[in-house]
Amino acid sequence: MSEIVGVSGGPTKPEIIAVSLSKLGLRDGDRFADVGCGTGSVSIAATRLVRGLTIYAIDAREEALRATKANFKNFNIENGRIFAGEASEILGGELIDSVDCAFVGGTKNIGTVLEKLVQKNARSVVVNAVRIETVVRTIEAMKKLGIFYEVIHLVVSRSAPIAGETMFKPENPVYIIVGKS
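Residues numbered from 1 in each chain as written. Predicted model: local features only at pLDDT ≥ 70, side-chain atom pairs only at ≥ 80, totals over all residues. Heavy atoms only, no water.

Caption draft 1: Region of the structure containing the overall build of the protein chain. Summing up its helical and strand segments, the protein chain has 6 helices and 9 strands in all. Taking 181 residues into account, the globule formula puts the C-alpha radius of gyration at 16 Å, and the protein chain, at 16 Å, falls close to it. Projected onto its principal axes, the C-alpha coordinates of the protein chain cover approximately 60 × 35 × 30 Å. The proportion of buried residues among the 181 residues of the protein chain is 45%. Look at the contacts in the protein chain between residues 6 or more apart in sequence, and 65% of them connect residues 24 or more apart. Summing over all exposed atoms, the protein chain offers an accessible surface of approximately 9,400 Å²; the carbon and sulfur share of this is 50%. Side-chain charges of the protein chain comprise 22 positive and 20 negative groups, with the mean position of each set lying 1 Å from the other. (Helix = DSSP H or I, 4+ residues; strand = E, 2+ residues; numbered from the N terminus. Rg over C-alpha atoms; globule rule 2.2 N^0.38 Å. Buried < 20%, exposed > 50% of the residue type's maximum accessible area, 1.4 Å probe, protein only. Contact = heavy atoms within 4.5 Å. Areas by Shrake-Rupley, 256 points an atom, 1.4 Å probe, with all protein chains shown as cover. Lys, Arg positive; Asp, Glu negative; His and termini not counted. Charge placed at Lys NZ, Arg CZ, Asp CG, Glu CD.)

Caption draft 2: View of the pattern of salt bridges. Considering all chains together, one arrives at 7 salt bridges under this definition. With a shortest N-O distance of 3.0 Å, D100 and R31 are connected by a salt bridge. Placement of the pair is D100 in the loop between α4 (87-92) and β4 (101-104) and R31 in strand β1 (residues 31-35), with a sequence separation of 69 residues. E171 is paired through a salt bridge with R158; the nearest N and O atoms lie 2.8 Å apart. (Salt bridge = Lys/Arg side-chain N within 4 Å of Asp/Glu carboxyl O.)

Caption draft 3: Just the state of the cysteines, in detail. Per the counting criterion, the structure on display carries 0 disulfides. Of the cysteine sulfurs around C37, a residue in no disulfide, the closest is that of C101, at 17 Å. Residue class for C37 comes out buried when judged on its relative accessible area of 6%. (Disulfide = S-S within 2.5 Å.)

Caption draft 4: Spotlight on the packing of helix α5 (residues 110-119) against helix α6 (residues 132-145). Where α5 contacts α6, the axes come no closer than 9 Å and their chain directions differ by 35°. α6 is crossed by α5, and the crossing has right-handed handedness. Taken together, the residues of α6 that come into contact with α5 (itself represented by I110, G111, L114, E115 and V118) are R137, T138, A141, M142 and L145. Classifying every residue of the contact of α5 with α6 gives 6 nonpolar, 2 polar and 2 charged. (Axes fitted to C-alpha atoms, helices over the stretch in contact; angles between N-to-C directions. Left-handed = near helix turned anticlockwise from the far one by under 90°. Nonpolar A, V, L, I, M, F, W, Y, C, P; charged D, E, K, R; others polar.)

Caption draft 5: View of the nonpolar core. Grouped together as the largest cluster of nonpolar side chains are 27 residues, with contacts concentrated most on V99, L117 and V125. Those elements giving two or more residues to this core turn out to be β1, β2 (54-59), α4, β4, α5, β5 (124-129), α6 and β9 (174-180). With near-sequence residues (within four places) excluded, V99 lies in contact with R31, A33, Y56, L91, L117, K120, N121, A122 and R123. (Core = buried A, V, L, I, M, F, W, Y, C linked by side-chain atoms within 4.5 Å.)

Caption draft 6: Layout of the sheet that holds β4. A sheet is described by the order of its strands in space; here 7 strands give the open sequence β3-β2-β1-β4-β5-β9-β6, paired in mixed fashion. Looking at which strands have only one partner, the edges of the open sheet turn out to be β3 (80-84) and β6 (148-154). Each strand of the sheet is rotated relative to its neighbour by a mean of 15°, with strand direction disregarded. Lying on the sheet, helix α1 (residues 14-24) is in contact with β1, β4, β5, β6 and β9; it crosses β5 at an angle near 155°. (Pairing = 2+ DSSP bridges.)

Caption draft 7: Expanded view of unusual backbone geometry. Of note in this structure, N121 is not a glycine but carries a positive phi near 70°. As for its position among the elements, N121 is in the loop between α5 and β5. You can call N121 exposed: its relative accessible area is 59%.

Caption draft 8: Inspection of the packing of aromatic side chains at higher detail. This structure, assessed with the given rule, holds 1 aromatic pair. One residue, K143, lies across the ring of F148, its end atom 5.5 Å from the ring centre. (Phe/Tyr/Trp six-rings, centres within 6.5 Å; stacked < 30°, edge-to-face > 60°. Lys NZ or Arg CZ within 6 Å of the ring centre and 35° of its normal.)

Below you can see the structure in the form of structure tokens.
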């Protein structure tokens, strides 16, 4: 298997991806928005779960768009469209007609992004956040839109050698905020 081309802040750790995608409830043939796609690793993992997934990968950072494009090529993702720009503007435009599920890794303008996803008829949305203020803003926005379902606080620790034995080093904790229509 190819290695993921990384960017600052990414890729999302596999354990976080696994829980996030399990909460989305992806189905064969879904239209999946990966907002703040970073490396595209969440989209790549999603294509391994269901058939016929259409991916809308969105990011405003040039570094992320280059990484996603390279990773889609390396992992033979042919059903992905990459969009450059502010997610709320792209989702509010005519380029994407509807979305079934969305993973939101970038949280700039989270309230507006969630509004646009609801307007595009997303049945489920998962937002990953590391800052508590973002968690609060996301919960408030989801409640206002009537889609708030739950929050999961996930902490992953990895084994590491120490003095010939094994210890655990924690990764940064992640909040997974789930919305369902």
